[in-house]
Amino acid sequence: MTPLTKAPLGIPLTVGKIVGQGFGARMGRLGVFVGTSLMRLGESVAVEPVKVRGPLGEAVLSGSWAAKMVVHLDDDRRLPLLECKPGETGHVEGIIGQDRFAQSIEALGLKENDRITFVRRLPPMAYNVLVDGKTRVRLGEGQASKLLGQTPTGQVQFCGVGVGEDFVVTHILAGENARATFDSLHIKPGTRLSLTSVTAGQVMRLGRHNPVVCATSDGLRLYFQEKDADRILVAPRQ
């Protein structure tokens, strides 16, 4: 057996082992177990942030986060949120990722089995920010969506604030690597941010974040980050 990250492209594979009880349970809810057939695809997909509507209202997800959520649409199709079209509605079938990711999207009011509507794709933007009134930094749309904070009108994601609006960081919805990036920018819970301007950003390729794209035998496409694909051991199907 070999990790999915090192598996060959375009040939039938069989899952031999899934490492991690929580991760294995989430994959099982998507129909991926020991013995499941997969095929690794050599595709690269442009990603854009998306806006969705869940039980607690609208939320913005980075393209890489949208790739990790599988939606069961009302017309009985299953596909990653990243591939949905405006107006399509269903429920969150499952997520691909580890516990911290599940906790992060739950903080935005989204969890497995929740009803969800795909609102629209968002053009990538760059946020020019003043940190604690001292340092100027530039955040991408994905980074801005991972900062949850308090404003005079309530709790919002930083990507939803207006220019000059007061914003105090309350939660950083990210894994260890992203948190390290925010630390280097001196952004942590309690930090005061002020948006100075928003400019057009750069469209990213999914391959930079989720280099492993697979399809199950029933046609469901799954996007994995390397750290998650390393937890799935496969062998060529006999």
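As shown above, the structure is provided for reference.
My aim in this report is to walk through the structure given alongside it, one point at a time. Computed from a prediction, not measured in an experiment: that's the story for all the values here.

Moving on to the overall build of the protein chain. The helix and strand tally for the protein chain stands at six helices and 20 strands. Taking 2.2 N^0.38 as the reference for a compact globule, 238 residues should give roughly 18 Å; the C-alpha atoms of the protein chain span a radius of gyration of 18 Å, in line with that estimate. C-alpha extents for the protein chain along the principal axes are approximately 60 × 35 × 30 Å. Residue burial in the protein chain is summarised as follows: out of 238 residues, 47% are buried. In the form shown here, the protein chain has an accessible surface area of approximately 11,100 Å², with 50% of it arising from carbon and sulfur atoms.

Once that is clear, we can look at the layout of surface pockets. Roughly 380 Å³ of internal volume is contained in the second largest pocket. For the second largest pocket, the lining is made up of 19 residues, of which Glu58, Ala59, Gln155, Val156 and Gln157 are closest to its centre. Within the residue set of the lining of the second largest pocket, elements represented by two or more residues are strand E6 (57–61) and strand E14 (154–157). With four residues, E6 is the largest single contributor of residues to the lining of the second largest pocket.

Further remarks concern the sheet that holds strand E2 (residues 12–18). Here we have six strands laid out as an open sheet, ordered E1-E20-E2-E3-E18-E19, and antiparallel in their pairing. One side of each edge strand has no neighbouring strand; the edge strands of this open sheet are strand E1 (2–3) and strand E19 (221–224). Both strand E3 (residues 37–41) and strand E18 (residues 212–216) contribute to a ladder of four bridges, which runs antiparallel. Each residue of the ladder has a partner; that of leucine 38, found in E18, is threonine 216.

A word on the pattern of salt bridges. Applying the stated criterion across every chain yields a total of ten salt bridges. Its salt-bridge partner being aspartate 74, residue arginine 115 comes within 2.8 Å of it at the nearest N-O pair. Here aspartate 74 lies in the loop between strand E7 (69–73) and strand E8 (78–80) and arginine 115 lies in strand E10 (residues 115–121), a separation of 41 residues in the sequence. Residue class for aspartate 74 comes out exposed when judged on its relative accessible area of 52%. Note that arginine 78 is salt-bridged to glutamate 93, the shortest N-O span being 3.7 Å. Taken together, the residues span a long stretch of sequence, with arginine 78 in strand E8 and glutamate 93 in strand E9 (residues 89–95) at a distance of 15 residues.

Conventions we followed
Residues numbered from 1 in each chain as written. Predicted model: local features only at pLDDT ≥ 70, side-chain atom pairs only at ≥ 80, totals over all residues. Heavy atoms only, no water. Helix = DSSP H or I, 4+ residues; strand = E, 2+ residues; numbered from the N terminus. Rg over C-alpha atoms; globule rule 2.2 N^0.38 Å. Buried < 20%, exposed > 50% of the residue type's maximum accessible area, 1.4 Å probe, protein only. Areas by Shrake-Rupley, 256 points an atom, 1.4 Å probe, with all protein chains shown as cover. 1 Å grid on protein atoms, 1.4 Å probe; cavity = no way out; pocket = protein on both sides within 12 Å on 5 of 7 lines; lining within 4 Å. Points joined across faces, edges and corners; volume = space filled by probe spheres on them. Pairing = 2+ DSSP bridges. Salt bridge = Lys/Arg side-chain N within 4 Å of Asp/Glu carboxyl O.

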